[in-house]
Amino acid sequence: MSAAAHRAGEWVAGFSQTYAEARGKFVAAAEAAGLDVQVHAHPMLGRDGEQLSMDVVRDGPADAQGVLIVSSACHGVEGFCGSGVQVALLRDPAFRAAAHAAGVAVLHIHGLNPYGFSWWRRTTHENVDLNRNFHDFSRPLPRNTGYDEIAHLLVPANWPPDAENQAAIMRFIGERGMGVWQTAITAGQHNHPEGLFYGGHNPTWSQVTVRQVLRDHARRCQRLGWIDLHTGLGPSGLGERIFACRDDAAALVRAKAWWGERITSIYDGSSTSALLTGLMWTVAYEECAQAEYTGIALEYGTVPVMEVLDALRADQWLENHPEAGAAQREAIKQRMLAAFYTDTEAWKQAVLAQ
């Protein structure tokens, strides 16, 4: 076996099947690299009774003028991909040496939403989508009237949905278009706490904690980059680089200079993502105002978008119906995992290559 093939196999082995395994590999990779792990303990336990935490590793000096954040599990279950990438980077001496030579400290934030990671949910323990939760809650919250219109269709009283429900959804898509359907669901909403993409009415534990991490690690730098790792949108294995800054032409130029011309944007409609509210990266402007900020969400495709949305619908129904039988619960959870994590070597190799 060649050295390159050996390294590739080692990096793929950094992916995991459970949150506890992923956390263990991340901590072990950090310790093997001689790096400290800062633990922010979560108040809940995981599905197997394990400790949950947001774990932070800084690879570089405290006074580095450039800081690059690599974060995983903003949407819990998506952490299986993100954690695998972080473990691979910690195990990659060439990547670490290049960052050090450039004067860049790499800040790994593992398990932004450890509860969702462990329980195979996209949301936090508050049933909040962390990437819709970054609002000034002292001010009126945005109203998603599109979601209001279809809320009753998205999470019906029974699962699987009946023919009438499915027909109503197909009628809506046929009349309004798939884009309108996706935007109404995913943009974020604050009026249906037992629904999808709920942004909440208060800061979540994860929001409070990530703010503290940024205060600890990103208030001395002059340049701040952020790659937030996601899954679930786009063609299988393709990593879409979605601009994650304000609608700022200069920041977009920087992003393209750093990560290539094929940067998409929610502002001009070029992204597979809809225009969203309450996004996590906006916190960089608030907590690290001294730094020039440039970020992307790296979004890896898994299965078709309707399958992803149906997996989310089923999972939310299950959350609302704890009386569901064990067989149905297991089927819904496996479907949820498959929607956000393609557990094949080919998919993982494609993820790492990008």
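Residues numbered from 1 in each chain as written. Predicted model: local features only at pLDDT ≥ 70, side-chain atom pairs only at ≥ 80, totals over all residues. Heavy atoms only, no water.

Asker: How would you explain the packing of aromatic side chains if you had to name every residue and give the values?
Answerer: For the structure shown, the criterion picks out eleven aromatic pairs. Considering the side-chain rings of F80 and Y341, the 5.3 Å spacing of their centres and the 20° angle between planes classify their relative orientation as stacked. With F80 in helix α3 (residues 79-90) and Y341 in the loop between α13 (326-340) and α14 (345-353), this residue pair connects regions lying 261 residues apart in the sequence. In this structure F80 comes out as buried when scored by relative accessible area, which is 2%. Look at Y341 and you get buried, because its relative accessible area is 4%. Aromatic rings pair up to connect Y19, F80, F117, W120, Y341 and W347 into one cluster. The lysine or arginine in question, R47, covers the ring of W120, its NZ or CZ lying 4.5 Å from the ring centre. One cation-aromatic arrangement involves R246 over Y285; the distance from NZ or CZ to the ring centre is 3.8 Å. (Phe/Tyr/Trp six-rings, centres within 6.5 Å; stacked < 30°, edge-to-face > 60°. Helix = DSSP H or I, 4+ residues; strand = E, 2+ residues; numbered from the N terminus. Buried < 20%, exposed > 50% of the residue type's maximum accessible area, 1.4 Å probe, protein only. Lys NZ or Arg CZ within 6 Å of the ring centre and 35° of its normal.)

Asker: So what about the side chain of S206? Which residues, and what values?
Answerer: Take S206: it is sitting in helix α9 (residues 205-217). A distance of 2.7 Å separates a polar side-chain atom of S206 from the backbone oxygen of L112. Once residues lying within four places of it in the same chain are set aside, the contact partners of S206 are M54, L112, N113, P114, T124 and L130. (Polar contact = N/O pair within 3.5 Å; in protein donor to acceptor, adjacent residues only side chain to side chain. Contact = heavy atoms within 4.5 Å.)

Asker: So what's going on with the nonpolar core? Residues and values would help.
Answerer: Judged by nonpolar contacts, the single largest core of 95 residues is most densely connected at I109, W181, L224, W226 and Y293. Take this core: its biggest share by element is seven residues, from helix α12 (residues 305-320). In this structure, Y293 is in contact with L224, W226, A244, C245, A251, R254, W281, A284 and Y285, ignoring residues within four places of it in sequence. One finds A30, V57, V87 and L90 within the second-largest nonpolar core, a separate group that totals seven residues. (Core = buried A, V, L, I, M, F, W, Y, C linked by side-chain atoms within 4.5 Å.)

Asker: Got a sec to walk through helix α7 (residues 163-176)? Specific residues and values, please.
Answerer: Over its 14 residues, α7 extends 20 Å from the first C-alpha to the last, a length consistent with the 20 Å expected when each residue adds 1.5 Å. Taken together, the buried positions of α7 are occupied by N165, A168, I169, F172 and I173. In a view along the axis of α7, the buried residues occupy a sector of 130°, so they form one face of it. Residues of α7 that are exposed and point over 90 degrees away from its buried face: A163, E164, G174 and E175. On its buried face, α7 sits against α6 (145-154), α8 (178-186) and α12. Between the side-chain oxygen of the N-cap and the backbone nitrogen of E164 there are 3.2 Å, and the N-cap of α7 in question is D162. Within two residues after α7, G177 carries a phi angle of roughly 105°, on the positive side. (Expected span 1.5 Å × (residues − 1). Arc of directions from axis to C-beta.)

Asker: A description of the pairing of strand β3 (residues 66-71) should follow, citing residues and the corresponding values.
Answerer: Counting buried residues along β3, six of its six residues qualify, which places the element largely inside the surrounding structure. The pairing of β3 with strand β4 (residues 104-110) spans six bridges and is classified as parallel. Looking at β4, one finds that G66 is bridged to V104. Sheet topology note: the β3/strand β5 (residues 223-236) ladder contains six bridges and is parallel. (Pairing = 2+ DSSP bridges.)

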